[in-house]
Structure formats: C-alpha cells, structure tokens
Number of protein chains: 2
Amino acid sequence: MARRGRVELRRIEDRTSRQVRFSKRRAGLFKKAFELSLLCDAEVALLVFSPAGRLYEYSSSR
Amino acid sequence: MARRGRVELRRIEDRTSRQVRFSKRRAGLFKKAFELSLLCDAEVALLVFSPAGRLYEYSSSR
DNA sequence: ACCTCTATATATAAACA
DNA sequence: TTGTTTATATATAGAGG
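A brief structural summary. Please read these numbers as outputs of a predicted model, since none were measured by experiment. (Residues numbered from 1 in each chain as written. Chains lettered and ligands numbered in written order. Predicted model: local features only at pLDDT ≥ 70, side-chain atom pairs only at ≥ 80, totals over all residues. Heavy atoms only, no water.)

### Things to note about the relation of the copies chain B and chain A
Here chain B sits on chain A after a turn of 180° about the axis and a move of 0.0 Å along it, with an RMSD of 0.1 Å. What the superposition gives is, in effect, a two-fold axis relating one chain to the other. By C-alpha distance to the rotation axis, the residue of chain B lying nearest is B:Leu46, at 2.3 Å. Taken as a fraction of all interface residues of chain B, those also at the interface in chain A reach 100%, which identifies the copy contact as same-surface. (Least-squares fit on C-alpha atoms with pLDDT ≥ 70 in both. Contact = heavy atoms within 4.5 Å.)

### As for the protein's contact with DNA strand D
Taken together, 17 residues are adjacent to DNA strand D, and A:Arg4, B:Arg21, B:Lys24, B:Arg25 and B:Lys31 come closest. By atom count, sugar and phosphate contribute 74% of the portion of DNA strand D lying within 4 Å of the protein. Between DNA strand D and B:Lys31 there is a distance of 2.8 Å, counted from a phosphate oxygen to a side-chain nitrogen or oxygen. Elements supplying a minimum of two residues to the surface near DNA strand D: α1 (15–40) of chain A together with α1 (15–40) of chain B. Residue composition of the surface near DNA strand D, by class: one nonpolar, three polar and 13 charged. (Near = heavy atom within 4 Å. Polar contact = N/O pair within 3.5 Å; in protein donor to acceptor, adjacent residues only side chain to side chain. Helix = DSSP H or I, 4+ residues; strand = E, 2+ residues; numbered from the N terminus. Nonpolar A, V, L, I, M, F, W, Y, C, P; charged D, E, K, R; others polar.)

### Focus: α1(A)
Over its 26 residues, α1(A) runs 37 Å from end to end, which matches the ideal 38 Å to within 8%, given 1.5 Å per residue. At its buried positions, α1(A) is contacted by β1 (43–49) and β2 (55–59) of chain A together with α1 and β1 (43–49) of chain B. Looking one or two residues past α1(A), A:Asp41 carries a phi angle of roughly 60°, positive in sign. (Expected span 1.5 Å × (residues − 1).)

### Quick notes on the sheet that holds strand β2 (residues 55–59) of chain B
Read across the sheet, four strands follow the order β2(A)-β1(A)-β1(B)-β2(B) without closing on themselves; strand pairing throughout is antiparallel. Of all the strands in the sheet, the pair left with one neighbour each is β2 of chain A together with β2 of chain B. Between one strand and the next, the sheet's axes are offset by a mean angle of 5°, whatever the strand orientation. Direction of pairing for β1(A) relative to β1(B): antiparallel, over a ladder of seven bridges. Residue pairing for β1(B): A:Leu46 is matched across the bridge by B:Leu46. Its contacts with the sheet put α1(A) on β1 and β2 of chain A together with β1 of chain B, and the angle it makes with β1(A) is roughly 170°. (Pairing = 2+ DSSP bridges. Axes fitted to C-alpha atoms, helices over the stretch in contact; angles between N-to-C directions.)

This is the structure we're talking about:
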C-alpha cells in the first residue's frame, strides 16, 4: 500500500487524481480563507479557475 | 496550561493575539493557494487586507 | 514584530464503500 | 462518480525568547 497523506510538490499528472485533488484542496482553501476573515477580522477575496476553466470565488463581507 | 491547537470559530478579541494569528494564518493560506495552483494546474488569485488595512496578494502565473 | 518549540487540531492521499 | 475511512502529513495555538 502506498503511503498516505504525502504528495510531491509538482503537477499531478493523472487526470482523475488531479481533479479529485482539486476538489478537495479547493474546499480546504476556501475554508481557510473564511476562517482567516472571521478569526482575524480581515477582508479576503479569492478567485480560482479550475483546469477545466470553471470559476470558483469567495469574498468576505462585513 | 491552556489547550494548544484549538480555537473557537469567532473573532479573536485580543488585539495582539489577533495580529499574531493573522500573520501565521495568512502564511498558511498563501502556501495552500500556491500548492493548489501547482499541484492541480489551477489559476488562483488571492487578495487579503489585514485589520490594519495592509494589502497582501498572490496570483499564480503560468 | 518575529523566531522556536511542541502538543494538539486539522487537512488530506489513498483506499474503498 | 460521490462519499467515507483512516493513516499520515501539515498547520497552528500557546508559551517562551
């Protein structure tokens, strides 16, 4: 069994794996952005284009 | 000693703690943004205004 | 403001349901 | 695919310098 939890810091070549990674990490990134704005009273704007060209966005609003 | 690692999900009232948290979490958020763009071949733009009004920004460039 | 340390919490890669 | 599990890696809260 391959080692879990770790990944090399370079582009994921396998298309399916890359899409799965994108969905999971995008969710994590947005959560972190939300927490930063809430906990630290910061204003945050985040734009992400997926490899397929779909747009995801977040902005804090106070 | 207070429990480490955990924090309530609401605005940090203490000014100094909030500033320290901001610096650490901002660094973490930017790292995650970079990793998402690199690993998943995504385009990412991130803008953060600190409580003091200072701007921090990141954008992937390919 | 910025470091280090380290205990604890959280994120997440791979497997699998 | 869409979600869940779980082992492992990473982030980070609090203390101290």
